[in-house]
Amino acid sequence: MNKFKQLGLNDFLVRAVEDLGFETPSEVQQKAIPELLAQDTDMVALAQTGTGKTAAFGFPMIQKVDVNNRDTQGLILSPTRELCLQITNELQLYSKYVKGLNVVAVYGGASITEQARQIKRGAQIIVATPGRMKDIINRNMVDISTVEYCVLDEADEMLNMGFYEDITSILSHTPHEKHTWLFSATMPKEVASIAKEFMKTPLEITVGVKNSGSDKVQHEYYVVGGRDRYAALKRLADTNPDIFSVVFCRTKRDTQKIAEKLIEDGYNAGALHGDLSQNQRDMVMKAFRTQQIQMLVATDVAARGIDVDDITHVIHYQLPDEIETYTHRSGRTGRAGKSGTSMVIITKSETRKIHAIERIINQKFDARKIPNAEEICEIQLYHLASKIKNTKVNDEVEAFLPAVNDVLEGIDREELIKKLVSVEFSRFANYYKNASDDLNAGGDSSSRSDNGSGSAVRYFINVGARDGYDWKVLKDFLKEQLGLDRDDIFKVEVKDSFSFFNSEAVHTDLILSTFSEFKLDGRFINVEVSKNTRGKSDRGDFGNRKRKRSGNDNWSKKSFGSKGNQNKKGKKSKGKKRF
Ligand code: AMP
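What counts and how
Residues numbered from 1 in each chain as written. Predicted model: local features only at pLDDT ≥ 70, side-chain atom pairs only at ≥ 80, totals over all residues. Heavy atoms only, no water. Helix = DSSP H or I, 4+ residues; strand = E, 2+ residues; numbered from the N terminus. Contact = heavy atoms within 4.5 Å. Core = buried A, V, L, I, M, F, W, Y, C linked by side-chain atoms within 4.5 Å. Buried < 20%, exposed > 50% of the residue type's maximum accessible area, 1.4 Å probe, protein only. Pairing = 2+ DSSP bridges. Right-handed = clockwise from strand over helix to strand, strands pointing away.

Chemist: Hey, could you run me through the environment of Ala441 in this one?
Modeler: Assignment of secondary structure puts Ala441 in the loop between α19 (413-433) and β15 (456-461). Separated by 216 residues in the primary sequence, Ala441 and Gly225 place their C-alpha atoms 5.7 Å from one another. Residues contacting Ala441, with those up to four places away along its chain left out, are Val223, Val224 and Gly225.

Structure (structure tokens):
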């Protein structure tokens with residue numbers, strides 16, 4: 001029997017689940033759906049975005065409302081317009097076979113009369129942001145006195161954003177007998193008191209660990225001189241040619257400035273901050289969602305509610321003032337079963353902040369070095385080579401081949417490859433030619449991840465994200481094949497179609513012999529010692545290029561059950577800890 005049917009979902013919903021390709025219910029779905037369906041109860045669920053919580057409350061709500069009655073029976077409050085639209089969209093997908101159900105989104109920045117008109121036509125479920133909901137109530141454009149189920153989604157976030165009064169005012173228009181389902185990533189005092197004030201003996205469910213960051217996120221920091229932050233940012237991007245990231249800055253001014261500089265330097269970047277009009281923000285978000293923008297430079301406030309699942313890296317251009325904002329930022333990656341990396345650029349004096357964050361997120365940071373020119377160029381070259389290998393041949397080229405052959409006559413294969421690669425690569429080379437080679441500033445950033453010994457060897461392996469690996473999966477794979485401990489494999493960096501990892505020199509023979517003639521699923525897996533051993537301070541002369549994202553490498557499976565387990569997003573709690 002379908003696993004969702006076992007939770008009690010009716011056939012209309014199970015069909016929609018099948019269309020969506022969900023295979024296994026996530027933890028929060030397993031815990032919440034049967035309870036909410038079986039009884040009329042209040043519920044407090046500690047679950048972060050990316051855990052599948054929208055479906056956890058959405059399915060029971062859809063199944064419970066009476067579609068023959070046009071009154072508003074379900075109300076969902078969410079902190080941002082983005083999230084509000086996303087929830088609406090999800091609920092519409094879940095209810096595609098439920099005839100007569102209308103889900104209406106109510107949010108700021110769009111016509112209130114149009115929203116009122118949609119409600120008037122009969123909206124059994126309203127998904128709203130608190131500010132606009134309060135407005136529309138005050139204008140008598142909606143009647144929520146018939147609400148039976150009310151969801152407070154991302155309650156901690158709504159309170160962080162100062163919506164306490166709006167929420168209590170909205171709830172005062174709903175009947176006392178309704179049932180409230182509160183979802184929150186963290187349980188600060190304020191959320192607990194909302195639960196106490198507005199809920200009747202709620203069922204409590206917890207998914208994952210309270211207040212902790214996602215264990216699908218690898219945390220790294222880079223110590224640089226204050227004036228090298230921007231150069232360091234570029235190098236981090238250059239080492240990750242397929243990066244799809246949010247870069248956090250502290251001020252709107254910095255956000256705008258960094259985005260502009262990146263664009264000038266040929267990166268696909270965009271800015272997101274409060275000084276932009278709603279229209280500009282929508283455009284940036286659209287470009288980001290479709291991955292036309294690879295680096296979204298954002299302020300903390302503007303980035304709230306960004307719900308994009310495929311973000312590979314979060315880069316903290318500057319650390320936030322409050323420690324818990326860090327969890328919130330880094331939770332933008334490592335979502336929906338995928339893994340991600342959170343990279344912090346700091347100056348030497350800020351290293352103590354790293355230790356403070358480690359205590360809060362209960363995870364260790366990896367002290368990393370900003371790669372030098374040679375390392376970056378090695379990665380770029382591999383990337384370029386695999387891009388050429390994976391490029392689909394354009395049939396229109398055929399007609400021009402004789403002419404092209406004439407021009408290239410007399411050049412042998414090796415020479416031709418060198419020239420071909422140089423076309424793009426030489427542009428890249430110029431930037432690094434004049435750049436200072438080592439951007440790393442003193443501190444203790446050298447050894448932690450080298451297991452302290454400094455005799456590490458760096459390896460290249462010809463599998464990457466395209467083959468379904470992330471750093472965690474690859475580490476586990478290597479550990480298993482080699483019979484080594486988890487700590488013996490470190491600095492795992494997964495690129496699109498290849499990866500790097502480090503191990504101690506004593507393991508070199510084992511590693512190379514294991515992977516000579518090694519086949520997996522009919523394909524040779526090849527490991528070589530990489531030319532660069534990380535941390536070596538030799539230099540190379542390489543540089544700049546215009547970058548274009550090479551399409552969407554979305555390899556992850558639509559399942560919470562397999563490779564990636566459900567993830568968690570850290571959230572900011574009200575008891576703000578400052579550095
Ligand atoms: P949420 O935590 O509600 O923001 O959900 C995160 C993402 O996971 C959304 O894109 C959902 O469509 C997707 N999702 C929700 N439930 C499942 C499931 N059981 N299996 C696979 N994907 C899911």
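We are not done yet, so read on.
Chemist: Honestly, the nonpolar core in this entry has me stumped. Any pointers?
Modeler: Core analysis: the largest hydrophobic core is formed by 41 residues, its most contacted members being Leu9, Ile76, Leu91, Ile125 and Trp181. Sort the elements by how many residues they give to this core and helix α4 (residues 53-64) lands first, with six residues. Every residue in contact with Trp181, bar those within four places of it in the chain, is listed here: Leu36, Thr41, Asp42, Met43, Phe57, Pro60, Met61, Tyr149, Cys150, Val151 and Leu152. One finds Val104, Ala116, Met133 and Ile144 within the second-largest nonpolar core, a separate group that totals 31 residues.

Chemist: Would you take a moment to explain unusual backbone geometry for this structure?
Modeler: For residues that are not glycine, phi is negative in most cases, and the peptide bond is trans in most cases. Residues other than glycine seldom take positive phi values, yet Glu154 does so here, at roughly 50°. On the secondary structure map, Glu154 appears in the loop between β5 (149-152) and α8 (155-160). On the accessibility criterion, Glu154 (6% relative accessible area) is buried. Positive phi values are uncommon outside glycine, yet Glu517 reaches one of about 65°. Topologically, Glu517 is positioned in the loop between α21 (508-514) and β18 (518-520).

Chemist: Would you explain the pairing of strand β11 (residues 295-298) in this entry?
Modeler: Judged by which residues are buried, β11 turns out to be covered on both faces: Met295 and Val297 on one side and Leu296 and Ala298 on the other are all buried. When strand β9 (residues 245-248) meets β11, the two strands line up parallel, connected through four bridges. Paired with Phe248 across the bridge in β11 is Ala298. Sheet analysis places strand β10 (residues 269-272) next to β11, joined by four bridges and oriented parallel. Pairing of Leu272 across the sheet is with Ala298, part of β11. Taken together, β10, helix α13 (residues 278-289) and β11 constitute a β-α-β crossover, and its handedness is right-handed.

The values are spatial; any link to function lies outside them.
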